[in-house]
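Letter by letter, the chains look like this.
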Amino acid sequence: MGVNASVLAIDAGNSKTDVALIGEDGTVLSTARGGGFQPPVVGVEPAVDILAAVVGQALARCEEDVAGVAHVSACLANADLPVEEAELTEALLRRGWGGTVEVRNDTFAILRAGVDEPRGVAVVCGAGINCVGMVPDGRTARFPAIGRISGDWGGGSGLADEALWFAARAEDGRGKPTELARALPGHFGLGSMYELIEALHRGLIPDGRRHELTPVLFATSAAGDPVAGALVDRLADEVVAMASVAMGRLGLLAEEVPVVLGGSVLAARHPRLDGRIAELLAGRAPGAVVRVVAQPPVLGAALLGLDHVAAPPAAHGRLRSYYA
């Protein structure tokens, strides 16, 4: 006879996948980490194959044989639309990992990791930007969050592109002067925006390194540059716009409610950004309680799984203590 697991929790981002096998009392039976999850790049089944390898590692590391898993709680990057969640749910069901499967966008994992009950709003700003909200009765609020075509602005990649745009125009005279015109090329050891533009265009600097310019933007803003400061302020405006709209859809604007911030940009705790977010939220949602999530997102996926199987509070507490 093997052990029965309540939840197989999966948090899969573009660059890495974390898996945790959770016992009926909230005990973490085993964990594993593997590669990123990118179905738009490799296709759904090959992407799920990557998940399967990590799930296999977690099952193999369990000290006892696993007789069965009640529920699979998967929070996946690139599951941006309900139709994509449904497609991925079917793909995971075919693998037979558990009796039931629920797939959500990975932003829900960050939200659930940062709240004591499934109630609140999360805004995540890493490479991109996204926002979700949930309440205990099962209602959710969300955005497509697939780039400019869905109305998004911000994220580390977007901020880097905006900084390059303003810096290029400052150097050639089309735009306002800004220290970004020196700081951005200086980061790569170059002397001008023209040199940086040429290097990016010709592939001498890999396009994937553009994200390195986002911290330069924040440093330039902190030094008092008005153009860089305006970009930071606009990001705060976007964060608050998403959060307040999500709260409004769920009827939470007049209540005390957690607003969880996550992702590399927001977790960096830039004073100007944090201050403006707090100021604007106080005006739109006076009951909002801002917190930055410190726990790993796989905890959120596991908690969502325990919510699904109606696990007792003690199980939630035991699980949280493991990741404390």
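The preceding data block contains the structure.
Here's a quick rundown of the structure. What you see is a predicted model, and the numbers here were worked out from it, not measured in a lab. (Residues numbered from 1 in each chain as written. Predicted model: local features only at pLDDT ≥ 70, side-chain atom pairs only at ≥ 80, totals over all residues. Heavy atoms only, no water.)

Some words on the sheet that holds strand S8 (residues 140-142)
1) Next: What the five strands build is an open sheet, ordered S8-S7-S6-S9-S10; its pairing is mixed. Edge positions in the open sheet fall to S8 and strand S10 (288-292), since each of these has one partner strand only. On average, each strand axis in the sheet is tilted by 15° relative to the strand beside it, whichever way the strands run.
2) Next: Inspection of the sheet shows strand S6 (residues 120-125) paired to strand S7 (residues 129-134) by six bridges, in the antiparallel sense. Along S7, the bridge assignment pairs alanine 122 with valine 132. (Pairing = 2+ DSSP bridges. Helix = DSSP H or I, 4+ residues; strand = E, 2+ residues; numbered from the N terminus. Axes fitted to C-alpha atoms, helices over the stretch in contact; angles between N-to-C directions.)

A word on the nonpolar core
A general trend in soluble globular proteins is that nonpolar side chains are found buried together.
1) Next: Residues Leu184, Leu235, Met247, Leu273 and Ile277 are the most contacted members of the largest nonpolar core, which totals 53 residues.
2) Next: Looking at which element gives the most residues to this core, the answer is helix H9 (residues 226-249), with 12 residues.
3) Next: Once residues lying within four places of it in the same chain are set aside, the contact partners of leucine 184 are Ala163, Leu164, Ala167, Met193, Leu196, Leu213 and Val216.
4) Next: Ranked by size, the runner-up nonpolar core spans 29 residues in total, among them Phe108, Leu306, Leu319 and Tyr323. (Core = buried A, V, L, I, M, F, W, Y, C linked by side-chain atoms within 4.5 Å. Buried < 20%, exposed > 50% of the residue type's maximum accessible area, 1.4 Å probe, protein only. Contact = heavy atoms within 4.5 Å.)

Quick word on the sheet that holds strand S5 (residues 100-105)
1) Next: Spatially, five strands are ordered S3-S2-S1-S4-S5 in an open sheet, and the strand pairing comes out mixed. Each of the sheet's edge strands pairs with one partner strand only, and the pair in question is strand S3 (28-35) and S5. For this sheet, the mean inter-axis angle between neighbouring strands, taken without regard to orientation, is 20°.
2) Next: Sheet analysis places strand S2 (residues 16-23) next to S3, joined by seven bridges and oriented antiparallel. The residue bridging threonine 17 from the neighbouring strand is glycine 34, located in S3.
3) Next: Its contacts with the sheet place helix H2 (residues 44-61) against strand S1 (3-12), S2, S3 and strand S4 (66-76), and it is angled at close to 150° to S3.
4) Next: Of the strands in this sheet, S2 and S3 are in contact with helix H13 (residues 313-323), which crosses S3 at around 50°.

A look at the side chain of arginine 104
1) Next: Looking at where arginine 104 falls in the secondary structure, it is placed in strand S5.
2) Next: Looking at arginine 104, its side chain comes within polar contact range of the side chain of glutamate 102, at 3.5 Å.
3) Next: Every residue in contact with arginine 104, bar those within four places of it in the chain, is listed here: Ala74, Cys75, Leu76, Ala79, Glu85, Met134, Thr140 and Leu304. (Polar contact = N/O pair within 3.5 Å; in protein donor to acceptor, adjacent residues only side chain to side chain.)

A few points about H13
1) Next: Burial in H13 covers these residues: Ala315, His316, Leu319 and Tyr323. All buried residues of H13 project into a common sector of 100° when viewed along the axis, lining one side. Opposite the buried face of H13, at more than 90 degrees from it, the exposed residues are Pro313 and Ala314.
2) Next: On the buried face of H13, the contacting elements are S2, S3, helix H4 (107-113) and helix H12 (297-308). (Arc of directions from axis to C-beta.)

Description of the pattern of salt bridges
1) Next: Enumeration according to the criterion identifies 18 salt bridges in this entry.
2) Next: Where aspartate 49 meets arginine 95, a salt bridge forms, and the shortest distance between an N and an O atom there is 2.8 Å. Of this pair, aspartate 49 sits in helix H2 while arginine 95 sits in helix H3 (residues 82-95), and the two are 46 residues apart along the sequence.
3) Next: Here aspartate 49 falls in the partly exposed class, since its relative accessible area comes to 42%.
4) Next: In this structure, the salt-bridge partner of glutamate 179 is arginine 182, at a minimum N-O distance of 2.9 Å.
5) Next: Taking relative accessible area as the criterion, glutamate 179 reaches 36% and is therefore assigned partly exposed.
6) Next: A residue is classified by how much of its surface remains accessible, and arginine 182, at 52% relative accessible area, is exposed. (Salt bridge = Lys/Arg side-chain N within 4 Å of Asp/Glu carboxyl O.)

Focus: H9
1) Next: Between its first and last C-alpha atoms H9 spans 34 Å; for 24 residues at 1.5 Å apiece the expected length is 34 Å, and the two agree.
2) Next: Where H9 begins, the capping side chain belongs to aspartate 225, and its oxygen is found 3.3 Å from the backbone nitrogen of valine 227.
3) Next: Among the residues trailing H9, glycine 251 stands out with phi positive, at a value near 70°. (Expected span 1.5 Å × (residues − 1).)

The quantities given are spatial measurements derived from coordinates; they are silent on function.
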